[in-house]
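The residues making up each chain are set out below.
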Amino acid sequence: MWARALCVGLLAFTVGLIHHLQPELPEAALQYLSSSLQGLSARGSSSSPSLEEALSAAWDQLITAPSRHWGKVAVGVNACVDVVVSGVGLLQALGLHPESGGDHLVLTSQEELATTFLHYMQRGAAAERFYSDADSFQHISHTATQNPDAKHFVGGNAALIAQRLASHPDMEVLLCGPVGPKLHELLDDRILVPPASLQGQDEYHLILEYKAGEQWGSGHAPAASRFIFSHDLSNGAMTSLEVLLSSLEDFQPKLLVLSGLHMMEGLSQEKRASRLHEAASALSDVPSDILIHLELASMTDGDLMRGIIYQ
């Protein structure tokens with residue numbers, strides 16, 4: 001009973017907060033949420049929808065399609081090729097053997113890759129790390145891409161968002177990011193990629209999947225998940241940001257979607273602070289009639305997150 005009362009109180013607070021922060025929301029949506037609140041407080045029969053179903057239905061009424069539509073959208077700046085392989089299979093192909101698991105915020109060797117992978121596999125948890133050794137990563141990525149079971153996909157939030165937007169036939173999409181030959185092949189033909197974004201080599205992100213119950217040495221995965229790592233300097237330094245912003249004048253979009261700030265975790269503190277300052281300064285010059293959506297992603301560095309918030 002106390003749990004239901006707590007949820008009713010929380011929902012009541014939410015109704016008031018939403019009405020205060022978003023007074024322009026459709027009255028019908030607020031009325032639906034209020035009626036759901038009343039229903040929750042009176043509900044007792046087993047035939048009624050569950051608490052979770054009622055809350056979900058209430059939020060579905062509040063989340064409405066935007067009234068404004070954009071004919072042109074510019075998207076940047078992280079783009080790559082995701083290579084999906086069996087994690088255990090790849091590590092075995094590299095001749096690595098499971099030892100004790102241990103977490104490393106930055107991977108500097110194949111051994112650290114193995115221990116960090118095992119650390120998260122034993123927990124059934126996803127993680128993403130930067131691999132600092134370029135030559136070693138090239139060897140690992142070559143081994144992964146040569147695996148006959150490897151699958152290649154469009155990767156990077158910016159490229160994925162552009163790919164999704166391009167599925168709307170009445171929308172023009174500009175993508176600025178490090179686009180290599182393989183990624184260019186995978187992208188929708190309708191996506192515009194400026195010549196300055198094209199490069200001779202792809203940025204590969206390796207996605208090591210494991211199944212629930214899978215074993216590697218003494219390690220046992222309680223749930224299926226994935227471990228992601230890369231040596232991605234182009235996306236890490238957001239090298240395509242200036243290309244993206246310089247393209248706005250000619251492309252004339254109504255919406256700018258910016259993603260990739262999380263990739264700066266692989267930079268040194270000094271370089272990261274400098275690049276974040278440059279990005280904030282450059283964004284301040286974007287014309288005010290272009291709306292900006294900032295797309296964030298998983299981050300482990302609190303300093304970087306605070307820098308994004310305050311800058």
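Residues numbered from 1 in each chain as written. Predicted model: local features only at pLDDT ≥ 70, side-chain atom pairs only at ≥ 80, totals over all residues. Heavy atoms only, no water.

A few words on the sheet that holds strand E2 (residues 80-86). Across the sheet, which stays open at both edges, the six strands sit in the order E3-E4-E11-E8-E2-E5 with mixed pairing between neighbours. Every other strand in the sheet has two partners, leaving strand E3 (106-107) and strand E5 (151-155) as the edge strands with one partner each. In terms of strand pairing, strand E8 (residues 204-210) meets strand E11 (residues 225-230) through six bridges, oriented antiparallel. Looking at the pairing, leucine 206 lines up with phenylalanine 229 of E11. Along the sheet face, helix H6 (residues 134-145) touches E2, strand E4 (127-131), E5, E8 and E11 and points at about 60° away from the line of E8. (Pairing = 2+ DSSP bridges. Helix = DSSP H or I, 4+ residues; strand = E, 2+ residues; numbered from the N terminus. Contact = heavy atoms within 4.5 Å. Axes fitted to C-alpha atoms, helices over the stretch in contact; angles between N-to-C directions.)

Let us look at unusual backbone geometry. If a residue is not glycine, its phi is most likely negative; likewise, a peptide bond is most likely trans. Here the bond from glycine 76 into valine 77 is cis, since omega is 10°, no more than 30 degrees from zero. With a phi angle near 50°, methionine 238 is a residue other than glycine that sits in the positive phi range. Here methionine 238 lies in the loop between helix H9 (233-236) and helix H10 (241-251).

Relative to the assigned elements, leucine 96 resides in the loop between helix H4 (87-93) and E3. The exposure class assigned to leucine 96 is buried, which follows from its relative accessible area of 9%. Sequence separation between leucine 96 and leucine 113 is 17 residues, and the spatial gap between their C-alpha atoms is 9.4 Å. (Buried < 20%, exposed > 50% of the residue type's maximum accessible area, 1.4 Å probe, protein only.)

As enumerated under the stated definition, the model contains eight aromatic pairs in all. When the ring of phenylalanine 117 is compared with that of tryptophan 216, the centres are 6.1 Å apart and the planes differ by 75°; the resulting orientation is edge-to-face. Highlighted residues: phenylalanine 117 in helix H5 (residues 110-121) and tryptophan 216 in strand E9 (residues 215-216), separated in sequence by 99 residues. For tryptophan 216, a relative accessible area of 3% corresponds to the buried category. Between phenylalanine 227 and phenylalanine 229, the ring centres sit 6.3 Å apart and the planes meet at 35°, which makes this aromatic pair tilted. You'll find phenylalanine 227 and phenylalanine 229 in the same group, each marked buried. Put simply, the rings of Phe117, Tyr120, Tyr131, Phe137, Tyr210, Trp216, Phe227 and Phe229 pair up and form one aromatic cluster. Of note, lysine 72 hangs over the ring of phenylalanine 251, and the distance from its end group to the ring centre comes to 5.3 Å. (Phe/Tyr/Trp six-rings, centres within 6.5 Å; stacked < 30°, edge-to-face > 60°. Lys NZ or Arg CZ within 6 Å of the ring centre and 35° of its normal.)

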